[in-house]
Amino acid sequence: MRVIAGTARGTRLTAPRGPAIRPTLDRVREALFSILMPRIPGARFLDLFAGTGANGIEALSRGAAWCTFVDNAPAAIATVTHNLEAARLDTHAECLRLSLPEGLGAVSPKRAPYGVVFADPPYAFTRYGDLARLLRDMSLVEEGGLLVLEHAATTDLGEELGGLKRFRTAHYGDTDLSFFS
């Protein structure tokens, strides 16, 4: 796994061993950032269920101003911290160990709102509506901002989620990316 483009292009990223973390495939991440590219420069990016941090690091590498990484696993937070240092992007980020969606209240309001919120929960996660509702109610998504969910292609999220409307879905094998605003 590597950073695809930007200032940290080519930096190798590590991932903890074991099935607990399912990193976004490079081809899916490349497609995601092709879609998001006009929104990334100068944006604040929130990477939920961060895992390795590859998505937030990609955003920083491509010009995002700030990224907050959130995961509940100590190994994931350690990995994100290591990967940020390897990419030399650690001064533009913070890592928070929080359970989601309840832990969103601990995300610093001084960093919010975010132009792009990316969430890649475990495929067994079912609380998408709660997550979207909390993001909206806590004003963590800026006006005109996006919530992007990576999920199993078999998961039906519906056209509206927590008051946000889906406007696009991209399919990549058994993985879908759903875009809400």
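Up top is the structure these notes are about.
Quick summary incoming for the structure in this document.

What counts and what doesn't
Residues numbered from 1 in each chain as written. Predicted model: local features only at pLDDT ≥ 70, side-chain atom pairs only at ≥ 80, totals over all residues. Heavy atoms only, no water. Axes fitted to C-alpha atoms, helices over the stretch in contact; angles between N-to-C directions. Helix = DSSP H or I, 4+ residues; strand = E, 2+ residues; numbered from the N terminus. Parallel < 35°, antiparallel > 145°, perpendicular 65-115°, else oblique. Left-handed = near helix turned anticlockwise from the far one by under 90°. Contact = heavy atoms within 4.5 Å. Pairing = 2+ DSSP bridges. Salt bridge = Lys/Arg side-chain N within 4 Å of Asp/Glu carboxyl O. Buried < 20%, exposed > 50% of the residue type's maximum accessible area, 1.4 Å probe, protein only. Core = buried A, V, L, I, M, F, W, Y, C linked by side-chain atoms within 4.5 Å. Phe/Tyr/Trp six-rings, centres within 6.5 Å; stacked < 30°, edge-to-face > 60°.

### Side note on the packing of helix α1 (residues 26-36) against helix α2 (residues 54-61)
When two helices pack together, their arrangement is given by the angle between the helix axes and by the axis-to-axis distance.
Argument step 1. Running from N to C, α1 and α2 cross one another at 45°; their axes reach a closest spacing of 11 Å. Relative to α2, the element α1 lies oblique. As for the relative orientation of α1 and α2, their crossing is right-handed in sense. Between α1 and α2, the contacting residues are Arg 29, Leu 32 and Phe 33 on the first element and Ala 54, Asn 55, Glu 58 and Ala 59 on the second.

### Re the sheet that holds strand β6 (residues 160-161)
Hydrogen bonds between backbone groups are what pair the strands of a sheet, and the pairing can be parallel or antiparallel.
Argument step 1. Across the sheet, eight strands lie side by side as β3-β2-β1-β4-β5-β8-β7-β6; this open sheet has mixed pairing. Strand pairing shows two members of the sheet lacking a second neighbour, β3 (93-97) and β6, which therefore form its edges.
Argument step 2. Bridge count between strand β4 (residues 114-119) and strand β5 (residues 141-152): five bridges; the pairing is parallel. Looking at the pairing, Ala 119 lines up with Leu 149 of β5.
Argument step 3. α1 rests against β1 (44-48), β4, β5, β7 (164-172) and β8 (175-180) of the sheet, and its axis sits at about 140° to β7.
Argument step 4. Contacting β2 (66-71) and β3, helix α3 (residues 74-86) runs over the sheet at an angle of about 170° to β3.

### With respect to the pattern of salt bridges
Argument step 1. Scanning the entire structure with this criterion turns up nine salt bridges.
Argument step 2. The partner of Glu 58 in a salt bridge is Arg 62, and the shortest N-O contact between them spans 2.8 Å.

### Some details on α2
Argument step 1. The element α2 is extensively covered by neighbouring structure, given that eight of its eight residues are classed as buried.
Argument step 2. What α2 keeps buried is the set Ala 54, Asn 55, Gly 56, Ile 57, Glu 58, Ala 59, Leu 60 and Ser 61.
Argument step 3. Looking at the buried side of α2, the elements it contacts are α1, β1, β2, α3, β3 and β4.
Argument step 4. The first or second residue beyond α2 is Gly 63, which carries a positive phi of 115°.

### Section: the nonpolar core
Argument step 1. Counting 31 residues, the largest nonpolar core has Leu 36, Phe 45 and Phe 69 as its most contacted members.
Argument step 2. Contributions of two or more residues to this core are made by α1, α2, β2, α3, β4, β5, β7 and β8.
Argument step 3. Counting residues per element, this core draws most heavily on α1, which supplies five residues.
Argument step 4. Apart from residues lying up to four places away in sequence, Leu 36 is in contact with Phe 45, Val 116, Leu 146, Val 148 and Phe 179.
Argument step 5. Counting 27 residues, the second largest nonpolar core, distinct from the first, contains Leu 98, Tyr 114, Ala 132 and Val 141.

### Some remarks on the packing of aromatic side chains
Argument step 1. One pass over the full model with this rule turns up four aromatic pairs.
Argument step 2. Ring centres 6.2 Å apart and planes at 25° place the aromatic pair Phe 33 and Phe 45 in the stacked group. A residue pair is termed long-range when its members are at least 10 positions apart, and Phe 33 in helix α1 and Phe 45 in strand β1 qualify at 12 residues.
Argument step 3. For Phe 45, a relative accessible area of 0% corresponds to the buried category.
Argument step 4. Ring centres of Phe 167 and Phe 179 lie 6.2 Å apart, and the angle between their planes is 50°; this geometry places the pair in the tilted category. Taken together, the positions of Phe 167 in strand β7 and Phe 179 in strand β8 put the pair 12 residues apart, joining distant regions of the chain.
Argument step 5. A residue is classified by how much of its surface remains accessible, and Phe 179, at 0% relative accessible area, is buried.
Argument step 6. A network of ring pairs unites the aromatic residues Phe 49, Phe 125 and Tyr 128 as a single cluster.

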